[in-house]
Amino acid sequence: MRRRLVFAILLVSFAGAALYFLSQANRQLRRETRFMMGTQMTVTMVAPALDAERIAREAFAKAEMVDREMGRRPGSELTVLNDEGKGTTGPHLSKVIEAALKWASGSEGAFDPTLAALIDLWAVEKGPHPPPAQKEIEETLKLTGYEKVSRTPDGKGFVLGGVKLDLGAIAKGYAVDLAAESLKNDGVSDFLIDAGGDLYISGTKKGKPWKVGLADPREPGLLIMTFNPKEGAVVTSGDYERYFEWEGVRYGHVLDPETGRPAKGAASVTVWAKNAADADALATALMVLGPEKGLELVAKHAPAEALMIDREGKIHKSPGFDAVMPRSAE
Ligand code: ADP
Ligand code: MG
């Protein structure tokens, strides 16, 4: 009887150990990609082969939910709010609008989530066309301004006060954060998420640090530097990503809420922060503010760090940038 029990225990523990080693051996580097938010979202992770697809699917589902709720497409929660001018908002949209308004006042309006009318006027996505006239820009600026937005008296939604929201400069970061959270909840600790320049880095690539490259803003096919970022988010915004040209002038997709014209602060901005929503908002603000004011703003939001390439190609870094974004060997 006793012997049988010992044997059974031994068998169970052997089977357990075998299963453990099998599952470890099974941990592969997996890459999954989806198209969303007008860009590719790629998850590279070290995960058990059997679960990898499900884990990636769950992470993508979170990001897709953000896209569905916060995109400017017909029927989205954001579009309904924009059309009605006020209303109750769900937990995710409330959180992102709240964060966006915080960044708007924190950046003295350089980041402004109420630029929908101005963004539509410029229609950067449309391709080459004559830029809008100064008069039109001035008229449209009257339909923007984050100070006009307030909470509904019950605190469950927002009153827009005559403006329309565009969360394009923060929602992608938030989507990346939810995807990262989903991976962590599924027990994955080694991964890199890249949603068109909004990155989240965690752990290692099978023991080696993850490597990320920074594109040369004037030759986007080339990398000018590569880094091994510390755990957190790395977001890059640049005037080379989405723009149109007209009569030899480049018009980028980040707009300066003060002038109503494309931002001239920098050619490219890379921000490291604890989460991608903050890094995304900051990167956009820095595109508007330029190196001097931009790095002042970053200093106020430590542990955030930034590297900016100005329009002459000169590099400006916050003092702690190298510590969180060490250069990689090759
Ligand atoms: P990307 O989507 O290329 O990563 P950003 O995060 O910089 O770029 O966001 C740019 C988008 O944000 C624009 O396409 C527009 O929808 C919106 N936007 C443009 N200018 C501003 C601004 N000053 N503040 C907030 N949002 C902006
Ligand atoms: Mg942004």
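Criteria and thresholds
Residues numbered from 1 in each chain as written. Chains lettered and ligands numbered in written order. Predicted model: local features only at pLDDT ≥ 70, side-chain atom pairs only at ≥ 80, totals over all residues. Heavy atoms only, no water. Pairing = 2+ DSSP bridges. Helix = DSSP H or I, 4+ residues; strand = E, 2+ residues; numbered from the N terminus. Near = heavy atom within 4 Å. Polar contact = N/O pair within 3.5 Å; in protein donor to acceptor, adjacent residues only side chain to side chain. Areas by Shrake-Rupley, 256 points an atom, 1.4 Å probe, with all protein chains shown as cover. Axes fitted to C-alpha atoms, helices over the stretch in contact; angles between N-to-C directions. Parallel < 35°, antiparallel > 145°, perpendicular 65-115°, else oblique. Contact = heavy atoms within 4.5 Å. Nonpolar A, V, L, I, M, F, W, Y, C, P; charged D, E, K, R; others polar. Buried < 20%, exposed > 50% of the residue type's maximum accessible area, 1.4 Å probe, protein only.

Before we go on, may I ask you to explain the sheet that holds strand S3 (residues 86–88) in this structure?
In a beta sheet, neighbouring strands are held together by backbone hydrogen bonds and run either parallel or antiparallel to one another. If you trace the 3 strands from one edge of the open sheet to the other, you get S3-S5-S4, paired in antiparallel fashion. Since the sheet does not close on itself, it has two edges, and those belong to S3 and strand S4 (150–151), each with one partner. Relative to strand S5 (residues 157–159), S3 is paired through 3 bridges, and the arrangement is antiparallel. Residue pairing in the sheet places Thr88 in a bridge with Gly157 of S5.

It is not clear to me how the site of ligand 1 should be interpreted in this structure. Could you clarify?
Surveying the vicinity of ligand 1 reveals 20 residues, the closest of which are Asp166, Ser237, Arg242, Leu255 and Asp280. With respect to ligand 1, the side chain of Asp166 contributes an N or O atom lying 2.9 Å from an oxygen atom. Here an oxygen atom of ligand 1 sits 3.3 Å away from a polar atom, N or O, in the side chain of Lys172. Contact with the protein chains removes 96% of the 570 Å² of surface that ligand 1 exposes when unbound.

Mind showing me how you'd approach the packing of helix H2 (residues 49–70) against helix H4 (residues 91–106) here?
Pairs of packed helices are described in terms of their axes, by the angle between the two and the distance that separates them. Orientation of H2 relative to H4, taken along the N-to-C sense of each, is 75 degrees, at an axis distance of 10 Å. Considering their axes alone, H2 and H4 lie roughly perpendicular with respect to each other. Taking contact as the criterion, the partners of Met65, Glu69 and Met70 in H2 are, on H4, His92, Leu93 and Val96. Of the residues contributing to the contact of H2 with H4, the split by class is 4 nonpolar, 1 polar and 1 charged.

I keep staring at the environment of Asp177 and nothing clicks. Help me out?
Within the secondary structure, Asp177 is located in helix H7 (residues 171–185). Since its relative accessible area comes to 15%, Asp177 is described here as buried. Once you skip the residues sitting within four places of it in the chain, Asp177 turns out to touch Tyr200, Asn275, Ala276 and Ala277.

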